[in-house]
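# Coordinates in review
One letter stands for each residue in the lines below.
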Amino acid sequence: DAKTTQPPSMDCAEGRAANLPCNHSTISGNEYVYWYRQIHSQGPQYIIHGLKNNETNEMASLIITEDRKSSTLILPHATLRDTAVYYCIVRLGIPGGSEKLVFGKGTKLTVNP
Amino acid sequence: NAGVTQTPKFRVLKTGQSMTLLCAQDMNHEYMYWYRQDPGMGLRLIHYSVGEGTTAKGEVPDGYNVSRLKKQNFLLGLESAAPSQTSVYFCASSYSTGGAFSYEQYFGPGTRLTVT
């Protein structure tokens, strides 16, 4: 699975958009980008995933660059409850591909009042 | 649905003792996983299972054994606990489309284990 690079920490003001970047320059054509987050002491929570098109759900939006070498997770209106560690993960999404999620250290997002 | 549950939530062991961590899911998921998380680090995969009766090694399997006798349960065993196994253990499960591909993983609340 391709490796990812994320900033160790970011701050965001409550009510503003939080934009979390991720570099995955060695991603291959059949690897998906996944985002999970982990609120203090809890189990990780799935947020969103995508292959090459931008994706949006009730939690967030995922913007993937045209060359797929980087992506941005957007929380449109961050709240204090969004303070967490956010993990960007790439993994194969084809039958027979690895089912293993490889978690790096992620980005610690702090939402300030 | 209870989702993914883990038993126990906390445990303190002495070096050399054994114990079993239980993970249960009620979502009829095929795949189940055990991870450990140490302070300041991301999660590392210990073992995983792609179906009842099958298990496979992950990134850090040494010192652990697992069993998947029933689809809804995945057990993690420590035969002879060591202080290096002090960690938070997370279980997860995911469904598949019938092939080898699966989607998002659902995580349990974690078990905090201290080995003295």
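Because the structure is predicted, anything quoted here is derived from the model rather than measured. (Residues numbered from 1 in each chain as written. Chains lettered and ligands numbered in written order. Predicted model: local features only at pLDDT ≥ 70, side-chain atom pairs only at ≥ 80, totals over all residues. Heavy atoms only, no water.)

Right, let's get into the overall build of chain B. From N to C terminus, chain B includes zero helices and 11 strands. Reading chain B from its N terminus to its C terminus gives the helix and strand order β-β-β-β-β-β-β-β-β-β-β. Taken over the C-alpha trace, chain B has a radius of gyration of 14 Å; the compact-globule value for 116 residues is 13 Å, and the two agree within 12%. Projected onto the principal axes, the alpha-carbon positions of chain B cover approximately 45 × 25 × 25 Å. Residues counted as buried form 47% of the 116 residues belonging to chain B. Put simply, 56% of the contacts in chain B that link residues at least 6 apart link residues at least 24 apart. Carbon and sulfur atoms make up 53% of the accessible area of chain B, which totals about 5,300 Å². In chain B, the 10 positive side-chain charges and the 8 negative ones have mean positions that sit 8 Å from each other. (Helix = DSSP H or I, 4+ residues; strand = E, 2+ residues; numbered from the N terminus. Rg over C-alpha atoms; globule rule 2.2 N^0.38 Å. Buried < 20%, exposed > 50% of the residue type's maximum accessible area, 1.4 Å probe, protein only. Contact = heavy atoms within 4.5 Å. Areas by Shrake-Rupley, 256 points an atom, 1.4 Å probe, with all protein chains shown as cover. Lys, Arg positive; Asp, Glu negative; His and termini not counted. Charge placed at Lys NZ, Arg CZ, Asp CG, Glu CD.)

With that out of the way, let us pick up the packing of aromatic side chains. Evaluated as defined, the whole model comprises 11 aromatic pairs over all chains. For the ring pair Tyr36 of chain A and Phe107 of chain B, a centre distance of 6.1 Å and an interplane angle of 85° mean the geometry is edge-to-face. Linking Tyr36 of chain A in strand β3 (residues 31-38) with Phe107 of chain B in strand β10 (residues 106-107), this pair reaches from one chain into another. Through a chain of ring-to-ring contacts, three or more aromatic side chains come together here, namely Tyr34, Tyr36, Tyr46, Tyr87 and Phe103 of chain A together with Tyr33, Tyr35, Tyr48 and Phe107 of chain B. (Phe/Tyr/Trp six-rings, centres within 6.5 Å; stacked < 30°, edge-to-face > 60°.)

Another aspect to go through is the sheet that holds strand β2 (residues 18-23) of chain A. Each strand in a sheet pairs with another by means of backbone hydrogen bonds, the pair being arranged parallel or else antiparallel. Residue and element names in this part refer to chain A. The antiparallel open sheet is built from four strands, whose spatial order is β2-β7-β6-β5. Of all the strands in the sheet, the pair left with one neighbour each is β2 and β5 (55-56). As judged from the two bridges shared by β5 and strand β6 (residues 61-64), these two strands associate in the antiparallel manner. Opposite Glu55, over in β6, you have Leu62 as the bridge partner. (Pairing = 2+ DSSP bridges.)

Side chains that are nonpolar tend, in soluble globular proteins, to be buried together. If you look at the biggest cluster of nonpolar residues, it comprises 21 residues, and the most contacted ones within it are Trp35, Leu73, Tyr86 and Leu109 of chain A. Counting residues per element, this core draws most heavily on strand β8 (residues 84-92) of chain A, at four residues. (Core = buried A, V, L, I, M, F, W, Y, C linked by side-chain atoms within 4.5 Å.)

On to the sheet that holds strand β7 (residues 65-67) of chain B, then. Residues and elements named next belong to chain B. Strand order across the open sheet formed by four strands is β1-β3-β8-β7, with antiparallel pairing between neighbours. Of all strands in the sheet, those bounded by a partner on one side alone are β1 (4-7) and β7. When the angles between neighbouring strand axes are averaged without regard to direction, this sheet yields 20°. One ladder, built from six bridges, connects strand β3 (residues 19-25) with strand β8 (residues 73-78); its direction is antiparallel. Bridge pairing links Ala24 to Asn73 in β8. (Axes fitted to C-alpha atoms, helices over the stretch in contact; angles between N-to-C directions.)

Right, let's talk about the pattern of salt bridges for a bit. Pairs can form between side chains of opposite charge once their charged atoms are near each other. All names here are of chain B. Considering all chains together, one arrives at four salt bridges over all chains under this definition. Two residues, Lys71 and Glu30, come together in a salt bridge whose shortest N-O distance is 3.1 Å. Here Lys71, found in the loop between β7 and β8, pairs with Glu30, found in the loop between β3 and β4 (31-37); they are 41 residues apart in sequence, far enough to count as distant. Because the salt bridges share partners, they merge into one network encompassing Arg36, Asp38 and Arg44. (Salt bridge = Lys/Arg side-chain N within 4 Å of Asp/Glu carboxyl O.)

Turning our eyes to something else, we now look at the state of the cysteines. What we call a disulfide is simply a covalent bond connecting the sulfur atoms of a pair of cysteines. Residues and elements named next belong to chain A. Overall, the coordinates contain two disulfides over all chains when judged by the stated rule. Shown here is the disulfide that connects Cys22 with Cys88, its sulfur atoms set 2.1 Å apart. Disulfide Cys22-Cys88: the torsion about the S-S bond is -80°, which places it as left-handed. A residue pair is termed long-range when its members are at least 10 positions apart, and Cys22 in strand β2 and Cys88 in strand β8 qualify at 66 residues. (Disulfide = S-S within 2.5 Å.)

These figures capture arrangement, not role.
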